[in-house]
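Geometric and topological summary
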Amino acid sequence: MNAPQPVQSDSWSVAGRTFTSRLIVGTGKYKSLEENAAAVEASGAEIVTVAVRRVNISDPNQPRLTEFIDPKKVTYLPNTAGCFTAEDAIRTLRLAREAGGWNLVKLEVLGEAKTLYPDMRETLRATDVLVKEGFEPMVYCVDDPIAAKQLEEAGAVAIMPLGAPIGSGLGIQNRVTIRLIVEGASVPVLVDAGVGTASDAAQAMELGCDGVLMNTAIAEAKDPMLMARAMKSAVEAGRLAYLAGRMQKRRYADPSSPLAGLI
Amino acid sequence: MTVDGTLWVRINGEHRRVPGGTTIAEMVNQLGLDPLRVAVERNLEIVPRGSLAQACVEDGDDFEIVHFVGGG
């Protein structure tokens, strides 16, 4: 019998960077920066998403995220949350690149406030421009295999379809299209948005996704640190189950004990 | 430009006065910010960090100074 593969050897890469953890967590909605940092630690995440916002020039001494989550230890993935046009998203990421000094970014261009559904026309347009400017965009998108292909052709370094609307916690609504995206992609696919609890994260991984990105599911849990641990375990469990290859489903029972020798 | 040589600028939407001849790096420092921790945009153009100490503030400049905050 072969020795089981240690989980640690199962890494994934995006734009030439290799990571062990397949869980990316957001840093919004926490009660405090302390709680945020503790949840990131408990999640084991090696990448966190961050937003780009104006500094408060009236009170420049407010506590900073970088004092609690060290960008030298955890990769900051700047996002374009709140951008509704390609131009806004591009402007935001140009500033992010100047603030951080790296090209790996998360692009999201939203279509409307009510659903925060991505505007794919603007998203594709922004991807084109960003790639030409040397960015490596991981792109939030609809769960549509054709849109995913178009993003990949435009140079997206990762495809990040929603499982359900941002912050909804509804879980993966369309497992079939997530799986179609995974099968069609040659860049990493991560479910981004919609995860509500651990089983949702495990399901994303069982579908063959390379990772899962979440924020609200942890931040709005009654105990964010405990949920962060749960998500870490769920992502690992789902990944192992995917690698193990699940049994075939049957419509009727199949006894687990031998029938031979029955008294 | 005002009679006393100060410049009117807008920073993150707020009107401010800075002395003539101030560099952008000096202006950022005077706001209590570390130029190494922020990104600066002037009139919709990024000002590269390496040139903040050389670029002088001009009357009427519109600045955006941003940094990373928590987000999903």
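Residues numbered from 1 in each chain as written. Chains lettered and ligands numbered in written order. Predicted model: local features only at pLDDT ≥ 70, side-chain atom pairs only at ≥ 80, totals over all residues. Heavy atoms only, no water.

**Structural notes on the pattern of salt bridges**
Oppositely charged side chains can pair when the atoms bearing their charge come close. Applying the stated criterion across every chain yields a total of 20 salt bridges over all chains. Between Glu14 of chain B and Arg16 of chain B there is a salt bridge; the shortest N-O distance is 3.3 Å. Arg16 of chain B sits in the partly exposed class, given a relative accessible area of 27%. A single network of salt bridges, built from pairs that share partners, joins Asp10, Arg22 and Arg239 of chain A. (Salt bridge = Lys/Arg side-chain N within 4 Å of Asp/Glu carboxyl O. Buried < 20%, exposed > 50% of the residue type's maximum accessible area, 1.4 Å probe, protein only.)

**Let's talk about the packing of helix H3 (residues 86-100) of chain A against helix H4 (residues 120-132) of chain A**
Residue and element names in this part refer to chain A. Between H3 and H4, the shortest axis-to-axis distance is 9 Å and the interhelical angle comes to 40°. Considering only the axes of H3 and H4, their crossing is right-handed. Contacts from Ala86, Glu87, Ile90, Leu93 and Arg94 of H3 reach H4 at Glu122, Arg125, Ala126, Val129 and Leu130. (Axes fitted to C-alpha atoms, helices over the stretch in contact; angles between N-to-C directions. Helix = DSSP H or I, 4+ residues; strand = E, 2+ residues; numbered from the N terminus. Left-handed = near helix turned anticlockwise from the far one by under 90°. Contact = heavy atoms within 4.5 Å.)

**Some words on the packing of aromatic side chains**
Tallying each qualifying case throughout the model produces 3 aromatic pairs over all chains. With a centroid separation of 5.8 Å and an interplanar angle of 65°, the aromatic rings of Tyr76 of chain A and Phe68 of chain B are classed as edge-to-face. Of this pair, Tyr76 of chain A sits in strand S5 (residues 75-78) while Phe68 of chain B sits in strand S5 (residues 62-70), placing the two residues on different chains. Side by side, Tyr76 of chain A and Phe68 of chain B carry an identical accessibility label, which is buried. Aromatic rings pair up to connect Tyr76 and Trp102 of chain A together with Phe68 of chain B into one cluster. Here the guanidinium or amino end of Arg97 of chain A rests over the ring plane of Phe135 of chain A, the centre of that ring lying 3.8 Å away. Its end group placed over the ring of Tyr140 of chain A, Lys106 of chain A keeps NZ or CZ at 5.6 Å from the ring centre. (Phe/Tyr/Trp six-rings, centres within 6.5 Å; stacked < 30°, edge-to-face > 60°. Lys NZ or Arg CZ within 6 Å of the ring centre and 35° of its normal.)

**A closer look at helix H5 (residues 145-154) of chain A**
All names here are of chain A. Within H5, burial applies to Ala147, Ala148, Leu151, Glu152 and Ala154. Projected onto a plane normal to the axis of H5, the buried residues spread over an arc of 160° and lie on a single side. Those residues of H5 that are exposed and aimed more than 90 degrees away from the buried face are Ile146 and Glu153. On the buried face of H5, the contacting elements are H4, strand S7 (136-141), strand S8 (158-161) and helix H6 (175-184). Two or three places before Ile146, at the start of H5, stands the capping residue Asp144, its side-chain oxygen 2.8 Å from that residue's backbone nitrogen. (Arc of directions from axis to C-beta. Polar contact = N/O pair within 3.5 Å; in protein donor to acceptor, adjacent residues only side chain to side chain.)

**A word on the nonpolar core**
Ile159, Met214, Ile218 and Met231 of chain A are the most contacted members of the largest nonpolar core, which has 66 residues in total. The element contributing the most residues to this core is H3 of chain A, with 7 residues. Ignoring anything within four residues of it in the chain, the contact list for Ile159 of chain A reads Val139, Cys141, Ala148, Leu151, Glu152, Ile181, Val187, Pro188, Val189 and Leu190 of chain A. Among the nonpolar cores identified, the runner-up in size contains 20 residues, and Leu33, Val47, Ala55 and Phe63 of chain B belong to it. (Core = buried A, V, L, I, M, F, W, Y, C linked by side-chain atoms within 4.5 Å.)

**Describing the sheet that holds strand S6 (residues 104-107) of chain A**
All names here are of chain A. Across the sheet, 3 strands lie side by side as S6-S7-S8; this open sheet has parallel pairing. The sheet is open, and its two edges are formed by S6 and S8, each paired on a single side. On average, adjacent strands in this sheet sit at an angle of 20° to one another, irrespective of strand direction. Where S6 meets S7, 4 bridges bridge the pair, whose relative direction is parallel. Within the sheet, the bridge partner assigned to Leu104 lies in S7 and is Glu136. Contacting S6 and S7, H4 runs over the sheet at an angle of about 175° to S7. (Pairing = 2+ DSSP bridges.)

**Some details on the layout of surface pockets**
Think of a ball as big as a water molecule: rolled over the atoms, this probe shows where empty space is left. Size it by volume and the largest pocket reaches roughly 380 Å³. Every residue lining the largest pocket is counted, 27 residues in all, and those nearest its centre are Lys29, Ile166, Asn215 and Thr216 of chain A together with Gly72 of chain B. For the lining of the largest pocket, the elements supplying multiple residues, two or more each, are strand S4 (47-54), strand S10 (211-214) and helix H8 (216-219) of chain A together with S5 of chain B. For the lining of the largest pocket, the residue count by class is 11 nonpolar, 11 polar and 5 charged. (1 Å grid on protein atoms, 1.4 Å probe; cavity = no way out; pocket = protein on both sides within 12 Å on 5 of 7 lines; lining within 4 Å. Points joined across faces, edges and corners; volume = space filled by probe spheres on them. Nonpolar A, V, L, I, M, F, W, Y, C, P; charged D, E, K, R; others polar.)

**Quick notes on a nonpolar patch on the surface**
Residue and element names in this part refer to chain A. The grouping of Leu240, Tyr242 and Leu243 at the surface amounts to a nonpolar patch, some 260 Å² of accessible area in total. Among the structural elements, Leu243 can be located in helix H9 (residues 224-244). According to the relative accessible area criterion, Leu243 is partly exposed, its value standing at 48%. (Patch = residues over 30% accessible without salt bridge, like charges linked within 9 Å, V, L, I, M, F, W, Y side chains within 5 Å. Areas by Shrake-Rupley, 256 points an atom, 1.4 Å probe, with all protein chains shown as cover.)

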